[in-house]
Amino acid sequence: MSIPKSWLGSPALDPSGPWTIPQRWADYTASEHRVWDTLFARQMELLPGRVAGSFLAGVATLGLERPGIPDLERLSERLHRLTGWSVVAVQGLVPDDVFFDHLANRRFVAGRFIRRPDQLDYLEEPDIFHDVFGHVPLLANAAYADYMQAYGQGGQRAVRLGAIDQLARLYWHTVEFGLIREANQLRLFGAGIVSSYSESRYALDDPSPPRIAFDLRRVMRTRYRIDSLQPHYFVIDSFEDLLRQTVDTDFAPLYEQLRDLPELEPTEALSSDRYIDIS
Ligand code: HBI
Ligand code: FE
């Protein structure tokens, strides 16, 4: 990945780009807003003391405590002032190259729809609760915001180098399911965890999944499961360290090396793994 330009300028907020749709905020029903409120209350009761401090700070400064599904225009205005990111609505999953293009331009895509009341605990496609509650608070953190942009730029290069799988694993094991060391404790930061009631507890409380110190090469070789709780978690030291480890690496030769090494199955251990056992 190349060095991301840190957020210095302030180009106009651009709520567009490929595959976006209008949010039509006024069209959400009372029942849809209630689903958001239920999920929000449940996670906010659980997360203090378990989630990275920057996440809770982001929830507060972005005004996510207001009841109801957030209005993305309003949310983007606040976020844009802090780190130059905006949030745009899409129908659902978008192709990889489109996803990377948005990230590289500091736009996070959020599914417009919200899960049904009978799907509070599990759904396959990312909805607005996962995308906004899970991902957006940390975009108010400068290092995390730079990491996400660098990821988008790295993704555009990975498309050309045929290395999407390796890069997608990095995203999965950090942005979606990462843990962080903070205040000499393990804390959550991955959006897939913090937007899930069961995984927010399991990832910290359950004795079975190993917590392994983040290592870029190791993570890029590790296949993942999308249909169950994670069999292990990777732990970063800080967002600054994650950013440094990735932007200081030339990914093209790394992909070449990784091609010659076997992929690791989700539960496979390596002798070089360093376990983190603080609780
Ligand atoms: N589209 N809406 C949406 N959200 C995602 O998280 C997403 C996507 N398309 C592709 C994608 N993620 C991943 O495959 C990339 O990180 C590799
Ligand atoms: Fe996600």
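Residues numbered from 1 in each chain as written. Chains lettered and ligands numbered in written order. Predicted model: local features only at pLDDT ≥ 70, side-chain atom pairs only at ≥ 80, totals over all residues. Heavy atoms only, no water.

What follows is about the side chain of arginine 115. In this structure, arginine 115 sits in the loop between β2 (107-111) and α5 (128-135). Among the polar contacts listed, one links the side chain of arginine 115 to the backbone oxygen of leucine 120, at a separation of 3.0 Å. Within the local environment of arginine 115, its side chain forms a polar contact with the side chain of aspartate 127, the two groups lying 2.8 Å apart. Not counting residues within four places of it along the chain, the set of residues in contact with arginine 115 comprises Val35, Leu39, Leu120, Leu123, Asp127, Phe129 and His130. (Helix = DSSP H or I, 4+ residues; strand = E, 2+ residues; numbered from the N terminus. Polar contact = N/O pair within 3.5 Å; in protein donor to acceptor, adjacent residues only side chain to side chain. Contact = heavy atoms within 4.5 Å.)

Attention shifts here to the packing of aromatic side chains. Aromatic ring pairs are reported here in terms of the distance separating the ring centres and the angle at which the planes meet. All chains considered together, the criterion is met by 15 aromatic pairs. Ring geometry for tryptophan 36 against phenylalanine 40: centres 6.4 Å apart, planes inclined by 15 degrees, an arrangement best described as stacked. Note that tryptophan 36 and phenylalanine 40 are positioned in helix α1 (residues 30-46) at a spacing of four residues, about one turn of the helix. Ring geometry for phenylalanine 55 versus phenylalanine 133: centroids 5.3 Å apart, planes at 75 degrees, classification edge-to-face. Here the residue phenylalanine 55 occupies a position in helix α2 (residues 53-61), and phenylalanine 133 occupies one in helix α5, the gap between them amounting to 78 residues. Of the two residues, phenylalanine 55 and phenylalanine 133, neither departs from the other in class, the shared state being buried. Grouping aromatic residues by their ring pairs yields a cluster made of Trp36, Phe40, Phe55, Phe129 and Phe133. (Phe/Tyr/Trp six-rings, centres within 6.5 Å; stacked < 30°, edge-to-face > 60°. Buried < 20%, exposed > 50% of the residue type's maximum accessible area, 1.4 Å probe, protein only.)

On to the sheet that holds strand β6 (residues 233-236), then. Strand order in this open sheet of four strands is β4-β3-β6-β5, and the pairing throughout is mixed. Only two strands of the sheet have a single partner each, and these edge strands are β4 (185-188) and β5 (211-213). Within the sheet, the average angular offset between the axes of one strand and its neighbour, ignoring direction, is 40 degrees. Its contacts with the sheet place helix α9 (residues 197-205) against β3 (179-182), β4, β5 and β6, and it is angled at close to 160 degrees to β4. (Pairing = 2+ DSSP bridges. Axes fitted to C-alpha atoms, helices over the stretch in contact; angles between N-to-C directions.)

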